[in-house]
Amino acid sequence: MSQLVYLDNAATTQVKEEVLEEMLPFFRETYSNPSAVYSFAQNGKKAVEKARKQAADLIGAKQEEIYFTAGGSESDNWALKAIAEAYEGKGKHIITSKIEHHAILYTCEYLEKRGFEVTYLDVDADGKIVIEELKKAIRKDTILISIMSANNEIGTIQPLAEIGRIAHEKDIIFHTDAVQAYGHIPLNVDAMHIDMLSASGHKLGGPKGIGLLYIRSGIKIKSFIHGGAQERSRRAGTHNTPGIIGIGKAAELAGKNMNENIQKETALRSHLIERVLSEIPHVKLNGHPTDRLPGNANFSFRFVEGESILILLDQLGICASSGSACTSGSLDPSHVLLAIGLPHEIAHGSLRLLYLKKQL
Ligand SMILES: *Cc1c(COP(=O)(O)O)cnc(C)c1O
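Residues numbered from 1 in each chain as written. Predicted model: local features only at pLDDT ≥ 70, side-chain atom pairs only at ≥ 80, totals over all residues. Heavy atoms only, no water.

A word on the site of the ligand. Within the structure, the ligand sits among 13 residues, and Ser73, Asp177, Gln180, Ser200 and Lys203 are positioned closest to it. Between serine 73 and the ligand, the recorded distance is 2.7 Å, taken from a side-chain N or O atom to an oxygen atom. Between the ligand and the protein, one listed contact pairs an oxygen atom with a side-chain N or O atom of glutamine 180 at 2.7 Å. A total of 380 Å² of accessible area belongs to the ligand in isolation, and the protein chains cover 87% of it. (Near = heavy atom within 4 Å. Polar contact = N/O pair within 3.5 Å; in protein donor to acceptor, adjacent residues only side chain to side chain. Areas by Shrake-Rupley, 256 points an atom, 1.4 Å probe, with all protein chains shown as cover.)

As a packed pair, helix 4 (residues 72–87) and helix 5 (residues 102–113) sit with axes 9 Å apart at the nearest point and diverge in direction by 30 degrees. As far as their axial angle goes, helix 5 and helix 4 are roughly parallel. Note on packing geometry: the crossing formed by helix 4 with helix 5 is right-handed. Here Ser73, Asp76, Asn77, Leu80, Lys81 and Ala84 of helix 4 come into contact with helix 5, specifically with Ala103, Ile104, Thr107, Cys108, Tyr110 and Leu111. Looking at the contact of helix 4 with helix 5, its residues break down into seven nonpolar, three polar and two charged. (Axes fitted to C-alpha atoms, helices over the stretch in contact; angles between N-to-C directions. Helix = DSSP H or I, 4+ residues; strand = E, 2+ residues; numbered from the N terminus. Parallel < 35°, antiparallel > 145°, perpendicular 65-115°, else oblique. Left-handed = near helix turned anticlockwise from the far one by under 90°. Contact = heavy atoms within 4.5 Å. Nonpolar A, V, L, I, M, F, W, Y, C, P; charged D, E, K, R; others polar.)

A separate point is the packing of aromatic side chains. Counted by the stated rule, this structure contains three aromatic pairs. Ring plane angle 90 degrees and centroid distance 6.0 Å describe the contact between tyrosine 67 and tryptophan 78, whose orientation is recorded as edge-to-face. Pair noted here: tyrosine 67 is in strand 2 (residues 66–69) and tryptophan 78 is in helix 4, with a separation of 11 residues, a long-range link. Neither tyrosine 67 nor tryptophan 78 differs from the other in exposure class; each is buried. Residues phenylalanine 299 and phenylalanine 301 carry aromatic rings whose centres are separated by 6.1 Å and whose planes lie at 50 degrees to one another, so their mutual orientation is tilted. For the pair formed by phenylalanine 299 and phenylalanine 301, the shared burial category is buried. (Phe/Tyr/Trp six-rings, centres within 6.5 Å; stacked < 30°, edge-to-face > 60°. Buried < 20%, exposed > 50% of the residue type's maximum accessible area, 1.4 Å probe, protein only.)

In spatial order, the strands read 9-10-12; together these three strands make up an open sheet with antiparallel pairing. Each edge of the open sheet is held by one strand with a lone partner, namely strand 9 (283–285) and strand 12 (350–354). The sheet shows a mean angle of 25 degrees between the axes of neighbouring strands, taken without regard to direction. For strand 10 (residues 296–301) and strand 12, the ladder comprises five bridges, and the chain directions are antiparallel. If you follow asparagine 298 over to strand 12, its bridge partner there is arginine 352. Packing of helix 10 (residues 258–279) onto the sheet brings it into contact with strand 9, strand 10 and strand 12, and relative to strand 10 it is tilted by some 10 degrees. (Pairing = 2+ DSSP bridges.)

Another aspect to go through is helix 7 (residues 160–169). Within helix 7, burial applies to Leu160, Ile163, Gly164, Ile166 and Ala167. Buried residues of helix 7, viewed axially, fall in a sector of 165 degrees; they line one side. Where helix 7 is buried, its residues touch helix 6 (131–137), strand 5 (142–146) and strand 6 (173–177). Phi for aspartate 171, located one or two positions after helix 7, is positive at around 60 degrees. (Arc of directions from axis to C-beta.)

Right, let's talk about the domain arrangement of the protein chain for a bit. Splitting the protein chain by domain gives domain 1 (5–13 + 257–354) and domain 2 (17–253). Contacts between the two partners involve 28 residues from domain 1, matched on the other side by 34 residues from domain 2. Buried area between domain 1 and domain 2, both sides added, is near 2,500 Å², and the carbon and sulfur share of it is 55%. If you look at where domain 1 meets domain 2, you find one salt bridge. Put simply, aspartate 291 and lysine 128 hold a salt bridge, and the shortest N to O gap is 2.6 Å. (Domains from an automatic or database assignment. Buried area = accessible area lost by both parts, 1.4 Å probe. Salt bridge = Lys/Arg side-chain N within 4 Å of Asp/Glu carboxyl O.)

Shown next as structure tokens:
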């Protein structure tokens, strides 16, 4: 095979060279447990706190509001289950959307089995929630609104500031799954009234198996992993020092290069979209035409199965995916494409590409 063309950065990204360089000493020399008291542990501890600051700065949060986890799925599970537990005295109603990642949707199903009621908001044909529908869904016993920042399949960006403002007017906690958005588009927890935010290292040029949950000070939630006193006793377990250093560095780089990256990715994306739409018959772009992740393109092709296109592309060395990586192998069409109103057969012929400049 001549050259690999990797267009599946929504599934995972390559670890950036600078990130890897920053991580390596924490496998080799600075391998101490950062919770230990001897001076050998101090460098590890300092580096973890520096990474926490880097991760916080990217979203305008305070350093002590960042809690490191083992990834986006854990952060999503923790946010929802812990809020449900901490606030069930106030109410048992949660609002989310039909196009969330399964880490949110299946956690909601789990909570429904435990007596919580969940409203799954519809989205419009571009994949946006409808603000009026959100307002109508709010009840006296609503404790949480969880809406993703940007969709992992179709790239649509949600009106976060507006959602957050509505949530706060009603004294409801606002969580956002920002795994696709963190480091890719500007996010600010204060301007957007975000109380909790999930992110994951491997979606922004950091390593896999490290994530974070931003929890606004004052939100009372308990630990999800019981054990040691790490992460202010809210998330036990020996720190994944190299992973933490990695997500911190990736966050720093993403913040520094964000404008430049957005410009480059948007230009590449527009080029791809224009040519696919003009040169291939029976094709449709899914997701919002402009309010979409700079690096995302998602197409539906009529009269052909998504899986068949993927196999043909693979033979050309092109990595793409249909729907989300987590559901590949299942024969069901994407829940996201069905939610934006595509008929089954068209949703089946879909392809997701995430166009990022080579070596982010
Ligand atoms: C990838 C992804 C997740 C899961 O993150 P992991 O770190 O892989 O567990 C959650 N939500 C969205 C939107 C994602 O894209």
